[in-house]
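# Per-entry structural report
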Amino acid sequence: MVTPSPRAGAHAAAPVALAPARPPRRFRPPRDIPRFALLCVLAVIFLAPVYWMLATSVKPEVDVISTPTQWVPANPTLENYREVLTSPDGNILRWMWNSFFVATVFTVLHVALCALTAYPLARMRFPGREAIFWFILGSMMIPGIVTLIPQYLMMIRFDWINSFHSLIWPGMAGAFGVFLLRQFFLGLPRELEEAARLDGANSLQVLWHVILPLSIPSLVTLAVFSFMGSWNNFIWPTFVITDVDKLTLPVGVNTFSQRYVTDYGKLMASTAIASIPVLIAYLLAQRYLIEGLSTTGLKE
Amino acid sequence: MSLSVPGEAARPREARRRRGGREGSALTPYLYLLPFLALFLVFVVYPVGYGLFVSMHRWDLLAETRPFVGLEYYRNLFDPETPQSQFFWNSMKNTGFFTLVSVPLLIGTSLGLALLLHRPIFGRAFFRSVFFLPGILTVSVMGILWRWMFDNQIGLVNAVRTDLLGMQPLPFLSTEGLAWVPIIVGTVWWTIGFNMTLYLAGLGNISQSYYEAAEIDGATPWAKFRFITWPLLAPVTLFVFVTTVLASFQLFGQTLVITAGGPNRSTQSTIQYITEEAFSNNQFSSASAMAFLFGLVMLIFTYLQFRIMARDARGEN
């Protein structure tokens, strides 16, 4: 089942609560040194591409292709960044804003829609409930490639090519979010809901004042997944968006890559800029991201 | 205990009756479901039928008529004379190769990293972040980065080969076979952190008492892994396996950005070829037929993932 993270819940409810007890951080020198050394080597290998990206991005073009290789930039310059940010072939900040706008609108609507849908499926009794739930869940078995082309033809008919509508609506009715929230809602205690009922609350008030405040960890998890999914979407926007001003960041950066095939200084500057917002988002959402990931879809 | 059981049983029934009276209209739950179901029908259910319809007609965006052709486009895929058949099965072979190589690699490396990081060690949070971080990059950034790492002349890999090891540079990107190296290495680098996190969660759920008991019996580290860790991680491994296979089938961005499917279509993935047939060649019917055939292959693994999730859903009812 999808379990709420105890730490996230405790944090939301009681910020003064002590940090949970950690396993003792014993560093057993003779035994742990090989493991530590191996981890250091792996970390260097993992960070090498990032170093190479940053180093290349501040090199003038001649230094990028010089041999022998310039391991450390000899003449660092921000020229590549300046050119990428003011390129007539497309403004990277504009693409970033497009991605942010689309992902935010999608996430807010999607989380709200999933909560509205999961609520009756988890907390009400009505004929057809199980059938509707399994019908929605069963749609997760349809591989995305099957709907790609018909959805594209629909976008033409709706006149949504080059419109953000095509980036927001087709993915809205995803079954995963409904599944995630329904599993969480099922586990909430009945008592609070019944108390609110006795006080005369209607079902919408129960959802808003009782269910949702108790579900913040799962709502945040779903929001993080939705935002990342929309932000990182690559296949679909590649085909439904062709106006350079309306591209999202991943697709826009890739058009740079096709234009400046070998101008790696500019390419690395654009990838570095494109990485900054996700880096900030990661640092902000790190805890939810990793905990949501480790609890989603896994039975404890 | 025996006293509380009837009480427990009676309470929900009573509550249900009371709620039933206050629920408002019997239509209320359906009103909640209406917006989702409307979008669901328009953007999920209808496209499946529409796609099947398109695959059985000769679809031309500009033509006046779209005649019914039945299974012609499906038959074309099994007729070795047609270019569609050649390119489609070539792309299937490429995707299959990528899946066969990358899935064991992705499971093995992420489990290995998780084992290295599970027990406390100096700087553990830092290492976890380092291995997780590449996964947050978008596929185009990751692809451009690895194309540059493996650039035929002056990429970092070739720079190390020539300047440090005194070897000849290898034209990774333009050599059939070798072009898979940057794609697979880049994919491992990119996705290892997600699976590692799942494995770390799985390792955290294994009770230490098993290991303590094994230690008393004098078990070697390998025996502890073989007889405790690996079997108890089986549910996580199944989940990682199924999701990784599905993700590998979806191969698209990595090959598009790193090699553009080349050299000579040797790294062209199935989704890349389907989109080429649809959006570059305007062969929507042919591409739809391929999508359905490919979808059928994927369905087996999608079904497995569905079962894993459905097991959780049933457990709650």
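The residue numbering used here restarts from 1 in each chain and proceeds along that chain's sequence as written. Chain A is the first chain written and ligand 1 is the first ligand written, with later ones labelled in order. In view of the model being predicted, local features appear only for residues whose pLDDT reaches at least 70, and side-chain atom pairs are presented and counted only at 80 or more, with totals across whole chains, interfaces and linings using the full set of residues. No hydrogens and no water enter the side-chain calculation; it runs on all heavy atoms of the structure.

The next subject is the overall build of chain A. Within chain A, the secondary structure is distributed over 15 helices and 0 strands. When burial is assessed residue by residue, chain A has 53% of its 300 residues classed as buried. Where accessible areas are quoted, they stem from the Shrake-Rupley method and a 1.4 Å probe; at the residue level, only the protein chains shown are allowed to cover. Within the structure as shown, chain A displays about 13,800 Å² of accessible surface, and the carbon and sulfur contribution to it stands at 69%. The secondary structure listing takes helices from DSSP runs of H or I that are at least 4 residues long and strands from runs of E that are at least 2 residues long, numbered from the N terminus. Per-residue accessibility, obtained with a 1.4 Å probe over protein chains only, is compared with the maximum for each type, and a residue is labelled buried under 20%, exposed over 50%, and partly exposed between these values.

Between two residues, a contact is recorded if the distance between any of their heavy atoms is within 4.5 Å. The interface of chain B with chain A comprises 105 residues on the first partner and 119 residues on the second. When two parts are brought into contact, each loses some accessible area as probed by a 1.4 Å sphere; the total of that loss over both is the buried area. Contact with chain A buries area across many residues of chain B, yet Y32, F36 and F43 of chain B alone supply 8% of it, more than any other trio. For this analysis, a salt bridge means a side-chain nitrogen from Lys or Arg found within 4 Å of a carboxyl oxygen belonging to Asp or Glu. On the surface where chain B and chain A come into contact, there are 0 salt bridges. Whenever two N or O atoms come within 3.5 Å, that pair is a polar contact, provided that in protein one can donate a hydrogen and the other can accept it, and provided that, for residues adjacent in sequence, both atoms are side-chain atoms. Applying the counting criterion to the chain B and chain A interface returns 14 residue pairs in polar contact (both at pLDDT 80 or more). All amino acids are sorted into three groups, where Ala, Val, Leu, Ile, Met, Phe, Trp, Tyr, Cys and Pro are nonpolar, Asp, Glu, Lys and Arg are charged, and the leftover types, Gly among them, are polar. Residue classes in the side of chain B that touches chain A are distributed as 74 nonpolar, 15 polar and 16 charged.

Below, the discussion takes up the UniProt feature "transmembrane region" (unreviewed entry) in chain A. The positions UniProt marks with the feature "transmembrane region" (unreviewed entry) are residues 36-54, 95-119, 131-155, 167-185, 206-228 and 267-285 of chain A. Structurally, residues 167-185 of chain A comprises 68% helix and 0% strand, and the distance from its first C-alpha atom to its last is 29 Å. UniProt positions are given in the numbering used here, feature names are shortened, and annotations may be inferred rather than shown by experiment.

For the rest of this paragraph, the subject is the UniProt feature "domain: ABC transmembrane type-1" (unreviewed entry) in chain B. When the UniProt feature table is mapped onto this chain, "domain: ABC transmembrane type-1" (unreviewed entry) is found at residues 92-305 of chain B. Summarising residues 92-305 of chain B: 73% helix, 0% strand, and an end-to-end C-alpha distance of 21 Å.

Another aspect to go through is the UniProt feature "transmembrane region" (unreviewed entry) in chain B. Residues and elements named next belong to chain B. Feature annotation in UniProt places "transmembrane region" (unreviewed entry) on residues 26-49, 97-117, 129-149, 179-201, 232-252 and 284-304, given in this structure's numbering. With 71% helix and 0% strand, residues 129-149 has end C-alpha atoms that lie 22 Å from one another. Taken end to end, residues 284-304 has its terminal C-alpha atoms 29 Å apart, with 100% of it in helix and 0% in strand.

This part covers the packing of aromatic side chains. Stacked, edge-to-face and tilted are the three classes for Phe, Tyr and Trp ring pairs, Trp counted by its six-membered ring, which pair at centre distances within 6.5 Å; planes under 30 degrees apart are stacked, over 60 edge-to-face, the rest tilted. Under the defined criterion, the tally for this structure stands at 49 aromatic pairs over all chains. Aromatic pair W160 of chain A and F43 of chain B: ring centres 6.4 Å apart, planes at 20 degrees, arrangement stacked. Here the residue W160 of chain A occupies a position in the loop between α7 (144-158) and α8 (165-168), and F43 of chain B occupies one in helix α2 (residues 28-55), the pair thus bridging two chains. Classification of W160 of chain A as buried rests on a relative accessible area of 19%. Here the aromatic cluster, defined as three or more aromatic residues joined through ring pairs, consists of F36 and F46 of chain A together with F122, F126, F127 and F131 of chain B. Only when the NZ atom of a Lys or the CZ atom of an Arg is both within 6 Å of the ring centre and within 35 degrees of the ring normal do we say a charge sits over the ring. Here the basic side chain of R265 of chain B rests over the ring of F87 of chain B, its NZ or CZ set 3.8 Å away from the ring centre.

Residues and elements named next belong to chain A. Inspection of the secondary structure puts T107 in helix α5 (residues 92-123). Using a relative accessible area of 8% as the deciding quantity, one classes T107 as buried. At 2.6 Å, the side chain of T107 and the backbone oxygen of A103 are in polar contact. Setting aside residues no more than four positions away along its own chain, T107 makes contact with A223, S226 and F227.

Here we take up the environment of R128 of chain B. Residue placement: R128 of chain B occurs in helix α5 (residues 124-132). What makes R128 of chain B partly exposed here is its relative accessible area of 26%. For the pair R128 of chain B and A289 of chain B, spaced 161 residues apart in sequence, the C-alpha separation works out to 43 Å. Residues contacting R128 of chain B, with those up to four places away along its chain left out, are I290 of chain A together with L117, M196 and L200 of chain B.

What follows is about helix α4 (residues 83-118) of chain B. In a regular helix each residue adds 1.5 Å, so 36 residues correspond to 52 Å; α4 of chain B covers 51 Å between its end C-alpha atoms and thus fits that length. Bending is quantified residue by residue as the angle between axes fitted to the seven-residue window ending at that residue and the seven-residue window starting at it. S102 of chain B marks the point of greatest bend in α4 of chain B, at about 25 degrees, and the proline P104 of chain B comes within the next four residues. Expected helix span is given by 1.5 Å per residue-to-residue step, counting one fewer step than there are residues.

Turning next to unusual backbone geometry. For the peptide bond that leads from G262 of chain B to P263 of chain B, omega is -10 degrees, which places it in the cis range. Positionally, P263 of chain B belongs in the loop between α12 (253-258) and α13 (270-280). If you check the backbone angles, N162 of chain A has positive phi at about 65 degrees while not being a glycine. Relative to the helices and strands, N162 of chain A resides in the loop between α7 and α8. A residue is classified by how much of its surface remains accessible, and N162 of chain A, at 14% relative accessible area, is buried.

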